[in-house]
Amino acid sequence: SLLSMALAFDEYGRPFIILKEQEQMNRLRGLDAQKANISAGKAVARILRTSLGPKGMDKMLQSPDGEVTITNDGATILEQMDVDNQIAKLMVELSRSQDYEIGDGTTGVVVMAGALLEQAERLLECGIHPIRIAEGYEMASRMAVDHLEKISKTFEFSLTNIESLVQTCMTTLSSKIVNRCKRSLAEIAVKAVLAVADLDRKDVNLDLIKVEGKVGGKLEDTELVYGITVDKDMSHPQMPKRIENAKIAILTCPFEPPKPKTKHKVDIDTVEKFQTLRKQEQQYFDDMVQRCKDVGATLVICQWGFDDEANHLLMNRGLPAVRWVGGVELELIAIATGGRIVPRFQELTPEKLGKAGIVREKSFGTTKDRMLYIEQCANSRAVTIFIRGGNKMMIEETKRSLHDALCVARNLIRNNSIVYGGGSAEISCSIAVEAAADRIPGVEQYAIRAFADALDSIPMALAENSGLQPIETLTAVKSQQVKEGNPHYGIDCNDIGTNDMLQQDVFETLIGKQQQILLATQVVKMILKIDDVISPADY
Ligand code: ADP
């Protein structure tokens, strides 16, 4: 090969790619450029290939500051990889686009692009012009996308029967590290999505679902809170732990008497003067508390802190308070409770108070850890998934996995068409594209056949990762599909005993699968059309 490529690991254990000859070379043109770019893209795809599917491997990545991430999520692996090569960066972008638009299938899309590149390399060797390959791929991708539509099924669910939605989210979670708890996590994801969904408009705003985590407890303790959780407690231990029908003042102004400015000189030369000043301060704060009570607040949530004396006074006057709440959280609380953030104390009015059915402080086990739960909010369409787990790494990976599950549920509400997984949809497309190639005159038909072969690489990777013979398994499943005219046969990764994915309940959303094919094709076409690569001479 023209360029030798190597996957190496830097001192932090992060994988990166070395293009060996790059040092001496600063310009590549024509076929050389395409071949170099293809190798770079393939190298990235090769890293992700072993992570695909329920038996895929996990990757462990370490950031420069020593933080370790263990993940199975394609977008995350690529995100953390230190790639210097521009084409490799395109592949990272590719995974990110899939993540952004669909949220699932981020590994598959890169594996597909890698396979398309590999096939393109072969065609280039045969002397086919890259533009013809790009055009053939484009035609084939449209055939595949249409075919997916043909073999798709509508997926039935209702608010009273969410089982089918739960099953789908479980499929997504089954290839993740958290798969031990897939049932409960899938249920949480579905309930969260339905809580914020607008079923008439077929839309789901995932921003309304807050995903929070706190180290401690078990993954099984993860729960869905119909409201907001805040990692804070009441400012005084003797304040009530539960407030019903709370009216909440949300303050971003300091809840304390104004401090004397340093540029003004206050002469305190007698005990009397000191006591007067102190009294004034106390009076001032007392007035503030009274003001809150007058507008009807039964709880104050502040961005700022207040000192022990103020805290004591609040407790005595029976006005519970929470201090040091971050800006983002204040905003969420305001949205959820239908309250307004009050930046100046004078602006506090009854209409600006947020409302919640219950605000309670929850303590965890024997630890001193406490959290605030704000539930039954005025705006009931705000929920929180509160993740528990033994360490930060586990919580982070659970967040990523839940994100995928939430996206899958959202995608089904937007469009309830599905295709079956385990590589079955790809095999069916491969057969259809291959058959169509015969009817296409011209050189493009080679590219179309190559596209069909690339589609096969998804089931092959699934088989390989499950310890099966890739070629034999694929051939058997493919002939089974042809013989029985059934597009649901795929790879039995978990050795269930049937490769009918309909029976195994392994499916993916139609739009997700179509998007994978379209995005992978797009990026490969882009790479094929680059015929001049100029890199800095003193690289
Ligand atoms: P991605 O990040 O692309 O979603 P995954 O590692 O989650 O990658 O793997 C998804 C692939 O695994 C899909 O092709 C899906 O159909 C397949 N898959 C998931 N669960 C199963 C299963 N139980 N049996 C066979 N294939 C499965």
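Residues numbered from 1 in each chain as written. Predicted model: local features only at pLDDT ≥ 70, side-chain atom pairs only at ≥ 80, totals over all residues.

In the nomenclature of an unreviewed UniProt entry, the chain corresponds to T-complex protein 1 subunit epsilon from the organism Amborella trichopoda. The UniProt entry for the chain carries this comment under Catalytic activity (unreviewed entry): "ATP + H2O = ADP + phosphate + H(+)". According to the UniProt record, the Subcellular location (unreviewed entry) comment for the chain reads "Cytoplasm, Cytoskeleton, Microtubule organizing center, Centrosome". (UniProt positions renumbered as here; feature names shortened; annotations may be inferred.)

## Description of the overall build of the chain
Tallying secondary structure elements over the chain gives 16 helices and 21 strands in all. Dimensions along the principal axes, computed over C-alpha positions, put the chain at roughly 100 × 60 × 40 Å. Looking at the 539 residues of the chain, the share that counts as buried comes to 44%. For the chain, long-range pairs separated by at least 24 residues make up 76% of all intrachain contacts whose partners lie at least 6 apart in sequence. (Helix = DSSP H or I, 4+ residues; strand = E, 2+ residues; numbered from the N terminus. Buried ≥ 20, exposed ≤ 12 C-beta atoms within 10 Å, placed from the backbone. Contact = placed C-beta atoms within 7 Å.)

## Remarks on the site of the ligand
Around the ligand sit 25 residues in total, of which Thr107, Gly108, Ser175, Gly421 and Gly422 are the nearest. Counting only elements with at least two residues in the shell around the ligand, the list comes to helix H4 (106-125), helix H6 (163-174) and helix H13 (444-465). The greatest single-element share of the shell around the ligand, amounting to 3 residues, is contributed by H4. Of the residues that constitute the shell around the ligand, the class distribution is 7 nonpolar, 16 polar and 2 charged. (Near = placed C-beta within 6 Å. Nonpolar A, V, L, I, M, F, W, Y, C, P; charged D, E, K, R; others polar.)

## Let's talk about the pairing of strand E17 (residues 370-377)
Alignment of strand E11 (residues 227-230) against E17, held across 4 bridges, turns out to be antiparallel. Residue pairing in the sheet places Ile228 in a bridge with Ile374 of E17. Bridge count for strand E16 (residues 354-363) against E17 is 7 bridges, and the pairing is antiparallel. Residue pairing in the sheet places Ala356 in a bridge with Cys377 of E17. (Pairing = 2+ DSSP bridges.)

## Quick notes on the sheet that holds strand E10 (residues 223-225)
The strand order E9-E18-E10 describes an open sheet built from 3 strands, whose pairing is mixed. Edge strands, defined here as strands with exactly one partner in the open sheet, are strand E9 (209-215) and E10. For this sheet, the mean angle separating the axes of adjacent strands, direction not counted, is 25 degrees. Against the sheet, helix H7 (residues 182-196) engages E9, E10 and strand E18 (383-389), with an angle of about 160 degrees to E18. (Axes fitted to C-alpha atoms, helices over the stretch in contact; angles between N-to-C directions.)

## Some words on the confidence of the model for the chain
Detailed reading of the predicted coordinates is not advisable wherever pLDDT falls low. Chain-level pLDDT for the chain is 88 on average; 92% of the residues reach the 70-or-more range. With pTM at 0.77, the complex prediction returns an ipTM value of 0.98. (pLDDT = per-residue confidence, 0-100.)

## Quick word on unusual backbone geometry
Non-glycine residue Trp324 carries a positive phi angle of around 55 degrees. Note that Trp324 resides in the loop between strand E14 (321-322) and helix H10 (327-337).

## Structural notes on H7
An ideal rise of 1.5 Å per residue puts 21 Å on 15 residues; H7 measures up with 21 Å between its terminal C-alpha atoms. Among the residues of H7, Lys182, Leu185, Ala186, Ile188, Ala189, Val190, Ala192 and Val193 are the ones counted as buried. (Expected span 1.5 Å × (residues − 1).)

## Concerning the pairing of strand E13 (residues 299-302)
Going residue by residue along E13, you find Leu299 and Ile301 tucked away on one face and Val300 and Cys302 tucked away on the opposite face as well. With 4 bridges joining them, strand E12 (residues 242-251) and E13 adopt parallel strand pairing. The residue bridging Ile250 from the neighbouring strand is Ile301, located in E13. Direction of pairing for E13 relative to E14: parallel, over a ladder of 2 bridges. Residue pairing for E14: Val300 is matched across the bridge by Ala321. Taken together, E13, helix H9 (residues 308-316) and E14 constitute a β-α-β crossover, and its handedness is right-handed. (Right-handed = clockwise from strand over helix to strand, strands pointing away.)

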